[in-house]
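These are the residues of each chain, in order.
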Amino acid sequence: MDVVVEHRNESDVGAMPRCKSAGRALALTLLVAMGTPIAARAADCSSTPAPETDWTDCSKKSLVLQGSDLTRSNLTNVDLTLTDLRDSNLTSANLEKANLVRASLKGVTAEGANFTRVEAYRTNFAGISANKALFVSAELQRANFDGAKLAGANFEKAELARTDFTKADLTGARFSLSNLSRADLTGATVAGPIDFDRAFMFLTRLDGLDLSGAKGLEQAQIELACGNADTKLPEGLTTPTDWPCTYD
């Protein structure tokens, strides 16, 4: 049997690790050039609030962060349970999947912010200015949006049972496929094509609302909801002879 002997000189052997090192250096350079996140760009959970802060996956529970400027910050999956964010600036911030349970966002500016899939049970959003913000698939049961500015906001597929929207500006808001059972829209501004397509509206309070320009409303939804003599409906829908409502 023939035996093949591979000959390799010392210069070839010495060159191998240097080639690997050079390759790793080149790859790292390319990652930086392409903007790929690396360790140096990881979330800094110890950083103080500032514009474009990255608190991804950080725990910020039960803190007082009132008046913070978190404009354009990445707050994805951050835990803000019971945290005080009153009067803060969250303009264009990304809070997707954040935990906001019982937090206070009263008076916050959050124009264009992303609250998709947040958990915000009993959270205080009173007076928030969040026009065109996203609340898609958010858990917002018993949240307080009293007097909020929510023109063009998207609540598609959101859980909004017993949520308080009294006196809120809901002009052009979208509630398609959302659960609005026992939500209170009394005194809200609903000018524009507010969308209730396939929303569940069991005992939803619609007292005094002008819904003549609403989209997606069907007679079956109205029969489940609560209104009064001042509630105006889209053409083709009729006021129930007896609204199925009790007022405590």
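In this text, all values refer to a predicted model and were calculated from it rather than measured experimentally.

Caption draft 1: How the structure looks around the side chain of Ser73. Secondary-structure assignment places Ser73 in the loop between helix 1 (10–33) and helix 2 (219–224). A distance of 3.4 Å separates the side chain of Ser73 from the backbone nitrogen of Glu52, its partner in a polar contact. Those residues in contact with Ser73 that lie beyond four places of it in its chain are Ala50, Pro51, Glu52, Thr53, Ala93 and Asn94.

Caption draft 2: Up close: a nonpolar patch on the surface. Together, Phe200, Phe202 and Leu224 give the surface a local cluster of nonpolar side chains, amounting to about 240 Å² of exposed area. Among the structural elements, Phe202 can be located in the loop between helix 1 and helix 2.

Caption draft 3: The arrangement of unusual backbone geometry in detail. The phi dihedral of Lys97 is positive, around 65°, even though this residue is not glycine. On the basis of relative accessibility, which here comes to 41%, the residue Lys97 falls in the partly exposed class. Even without being glycine, Arg117 reaches a positive phi, approximately 60°. Counting through the fold element by element, Arg117 comes out in the loop between helix 1 and helix 2. Arg117 sits in the partly exposed class, given a relative accessible area of 43%.

Caption draft 4: View of the environment of Leu134. Mapped onto the elements of the fold, Leu134 is located in the loop between helix 1 and helix 2. You can call Leu134 partly exposed: its relative accessible area is 36%. Sequence separation of Leu134 and Gly152 is 18 residues, and the distance between their C-alpha atoms is 9.1 Å. The contacts of Leu134, once residues within four sequence positions are left out, are Ala113, Asn114, Phe115, Thr116 and Asn154.

Caption draft 5: Summary view of a positive patch on the surface. A cluster of like positive charges, contributed by Arg102, Arg122, Arg142, Arg162 and Arg182, occupies part of the molecular surface. Among the structural elements, Arg122 can be located in the loop between helix 1 and helix 2.

Caption draft 6: Main features of the state of the cysteines. This model, assessed by the stated rule, comprises one disulfide. Covalent S-S linkage joins Cys45 and Cys58, the inter-sulfur distance amounting to 1.9 Å. Between Cys45 and Cys58, the disulfide has an S-S torsion of -80° and is therefore left-handed. In this pair, Cys45 sits in the loop between helix 1 and helix 2 while Cys58 sits in the loop between helix 1 and helix 2, placing the two residues 13 residues apart along the sequence. For Cys58, a relative accessible area of 2% puts it in the buried group.

What counts, and where the lines are drawn
Residues numbered from 1 in each chain as written. Predicted model: local features only at pLDDT ≥ 70, side-chain atom pairs only at ≥ 80, totals over all residues. Heavy atoms only, no water. Helix = DSSP H or I, 4+ residues; strand = E, 2+ residues; numbered from the N terminus. Polar contact = N/O pair within 3.5 Å; in protein donor to acceptor, adjacent residues only side chain to side chain. Contact = heavy atoms within 4.5 Å. Patch = residues over 30% accessible without salt bridge, like charges linked within 9 Å, V, L, I, M, F, W, Y side chains within 5 Å. Areas by Shrake-Rupley, 256 points an atom, 1.4 Å probe, with all protein chains shown as cover. Salt bridge = Lys/Arg side-chain N within 4 Å of Asp/Glu carboxyl O. Buried < 20%, exposed > 50% of the residue type's maximum accessible area, 1.4 Å probe, protein only. Lys, Arg positive; Asp, Glu negative; His and termini not counted. Charge placed at Lys NZ, Arg CZ, Asp CG, Glu CD. Disulfide = S-S within 2.5 Å.

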